Amino acid sequence: MNNKFIDKKHPPRRCETAREQVINFAFDDNEVVAAKPATKPQRRNEGAVAGFVFISLGSGSSGNCAYVGNELGGIIVDAGIRDDIVFETLQRNGVTPSMIKGIVLTHDHQDHVRYVYTLVRRYKHIHIYCTPRVLNGLLRRHNISRRVKEYQENIFKEIPFTLAGMKITAFDASHDGSDNMGFDIALGDKHFVVAADMGIITPRAHYYMSRANYLIIECNYDLEMLNKGHYPEYLKNRVRGEKGHLDNKQAAQFIVDNYHEGLRYVFMCHLSKDNNTPEVATRTLTQAFKERGLTVGDATNAPDQRDRDIQLYALPRFDPSLWFVL
């Protein structure tokens, strides 16, 4: 791995705004399709002690958004799903708008930020937590009101901040946005790690991902499907590149190499509509885990699944996932 992590600490200040312009967005291979929220996502482990709760509202190049929280409240991770879907789905699961303490952004691509302004404009107590470079990219790439700056709070990589009782640390990720990061979300001694949209796993990403108890990891494509697919060669190279996306086998190999008994759930995210399927991704990771000697559950919490070494779940592309109490 030839990437080097450079820890640059900047004084907390607002960044200068950039001239607005509209450009094409990387990997946005189709428009957002608004999905009907599931009528009642099934709850998990009702008798569990207080810990993380999690739901994905959509995962893929058509829109990414998730909620990670606890009994005090929580945060929205990325804002690529319509605000009415987000708030209606969360309220059905007992999460009121007042419980949402902020929105954190992984990077400034359209499928991660499309609805960020409408989300914060609807409920003005919700602020956006992102780096100055992400904010600059948001203003430069998108035809968006500059009033979005009124709701933004600066964060910096490797400098923790706290929301809803959770210590959140942004870490560097290798992708082609203006600035790119994953998040280590800590609650007590448990770590929920979001590692989406990265072409390779950099040393700093490796550090945080390898200590996760609950890991969202990108499984964007199956290499054979991509190679034989209809994408033009330049786009295939871009997806496969160091600032592109992870494939199923790369994700599987990372987990096999870094498995520890504390890793309980793996959520596969950002599956390509054209170059992957939930079945292919699940089969690839399951086979790798079994070769490592691990038993694999399907995250349904069925009696015969609970004692498995690891639970594996593909986040739906358009629909809300199940509601997880972890």
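Structure first, text after, so check above.
Note that the coordinates shown come from a computational prediction; the quantities given were computed from them, not determined experimentally.

Chemist: Sorry, what's going on with the environment of Asn154 here?
Modeler: Along the chain, Asn154 turns up in strand E6 (residues 152-154). Sequence separation of Asn154 and Thr131 is 23 residues, and the distance between their C-alpha atoms is 5.3 Å. Side-chain polar atoms of Asn154 contact the side chain of Gln152, separated by 2.8 Å.

Chemist: Could you clarify how one ought to interpret the pairing of strand E3 (residues 73-77) in this entry?
Modeler: The side chains of a regular strand alternate, residue by residue, between the two faces of the sheet. Counting buried residues in E3 gives five out of five residues, a clear majority hidden from the surface. When strand E2 (residues 65-70) meets E3, the two strands line up antiparallel, connected through five bridges. From the neighbouring strand, Ala66 faces E3, where its bridge partner is Val77. Counted between consecutive antiparallel strands, the loop separating E2 from E3 contains two residues. Summarising the sheet, E3 and strand E4 (residues 100-104) pair through three bridges and their orientation is parallel. Among the inter-strand pairings, Ile76 is bridged to a residue of E4, identified as Ile103. At this point the chain moves from E3, through helix H1 (residues 83-92), to the parallel E4, and the crossover so formed is right-handed.

Chemist: For this particular structure, what's the right way to read the sheet that holds E6?
Modeler: Pairing between the strands of a sheet comes from backbone hydrogen bonds, and it takes one of two forms, parallel or antiparallel. The sheet built from seven strands is open, its strands ordered E6-E5-E4-E3-E2-E1-E15 with mixed pairing. Of all strands in the sheet, those with a lone pairing partner are E6 and strand E15 (324-325), marking the two edges. With respect to the sheet, H1 is in contact with strand E1 (53-58), E2, E3 and E4, its orientation differing from that of E1 by roughly 150°.

Chemist: Just checking my understanding: could you explain the packing of aromatic side chains for this structure?
Modeler: Between two aromatic rings, the relevant description is the distance of the centres plus the angle of the planes. In total, this model carries 19 aromatic pairs according to the counting rule given. Here Phe54 and Phe267 contribute two aromatic rings whose centre-to-centre distance is 4.8 Å and whose plane-to-plane angle is 50°, an arrangement assigned as tilted. Here Phe54, found in strand E1, pairs with Phe267, found in strand E12 (residues 265-269); they are 213 residues apart in sequence, far enough to count as distant. The exposure class of Phe267 is buried, given its relative accessible area of 0%. Note on Phe171 and Tyr208: the rings are 5.1 Å apart at their centroids and 10° apart in plane angle, and the pair reads as stacked. Of this pair, Phe171 sits in strand E8 (residues 166-172) while Tyr208 sits in helix H5 (residues 203-209), and the two are 37 residues apart along the sequence.

Chemist: Even after reading the chapter, I still don't get H1, so can you show me in this structure?
Modeler: Along an α-helix, a turn takes 3.6 residues, which lines up residues three or four apart on a common side. For H1, every residue scored as buried is listed here: Asp83, Ile85, Val86, Phe87, Thr89 and Leu90. Two residues or fewer after H1 comes Gly94, characterised by a positive phi angle close to 85°.

Chemist: Looking at this model, I keep getting lost on the pairing of strand E10 (residues 190-195). Mind explaining?
Modeler: The element E10 is largely enclosed, with a buried count of five among its six residues. Relative to E10, strand E9 (residues 181-187) runs antiparallel, the two sharing five bridges. In the sheet register, Leu187 faces E10, and the bridge partner there is Lys190. Hairpin geometry of E9 and E10 is characterised by an intervening segment of two residues between the two adjacent antiparallel strands and by a positive phi of about 65° at Gly188. One crossover worth recording links E10 to the parallel strand E11 (residues 214-218) by way of H5, and it is right-handed.

Chemist: Is there a simple way to explain the sheet that holds E10 in this structure?
Modeler: Judged by pairing direction, the sheet is mixed, and its eight strands sit side by side in the order E7-E8-E9-E10-E11-E12-E14-E13 without closing on themselves. The open sheet has two edge strands with one neighbour each: strand E7 (161-163) and strand E13 (296-297). Lying over the sheet, helix H8 (residues 248-258) contacts E11, E12 and strand E14 (310-314), oriented at roughly 150° with respect to E11. Helix H9 (residues 278-291) contacts E12, E13 and E14 of the sheet and is inclined by roughly 160° relative to E14.

Chemist: Could you clarify how one ought to interpret the nonpolar core in this entry?
Modeler: It is characteristic of soluble globular proteins that their nonpolar side chains tend to be buried jointly. Judged by nonpolar contacts, the single largest core of 64 residues is most densely connected at Phe54, Ile185 and Phe192. With sequence-adjacent residues up to four places away left out, Ile185 is seen in contact with Phe52, Val68, Ile75, Met166, Lys167, Ile168, Lys190, His191, Phe192 and Val194. Within the second largest apolar cluster, 33 residues are counted, among which are Phe171, Met209, Leu271 and Ala314.

Criteria and cut-off values
Residues numbered from 1 in each chain as written. Predicted model: local features only at pLDDT ≥ 70, side-chain atom pairs only at ≥ 80, totals over all residues. Heavy atoms only, no water. Helix = DSSP H or I, 4+ residues; strand = E, 2+ residues; numbered from the N terminus. Polar contact = N/O pair within 3.5 Å; in protein donor to acceptor, adjacent residues only side chain to side chain. Buried < 20%, exposed > 50% of the residue type's maximum accessible area, 1.4 Å probe, protein only. Pairing = 2+ DSSP bridges. Right-handed = clockwise from strand over helix to strand, strands pointing away. Contact = heavy atoms within 4.5 Å. Axes fitted to C-alpha atoms, helices over the stretch in contact; angles between N-to-C directions. Phe/Tyr/Trp six-rings, centres within 6.5 Å; stacked < 30°, edge-to-face > 60°. Core = buried A, V, L, I, M, F, W, Y, C linked by side-chain atoms within 4.5 Å.

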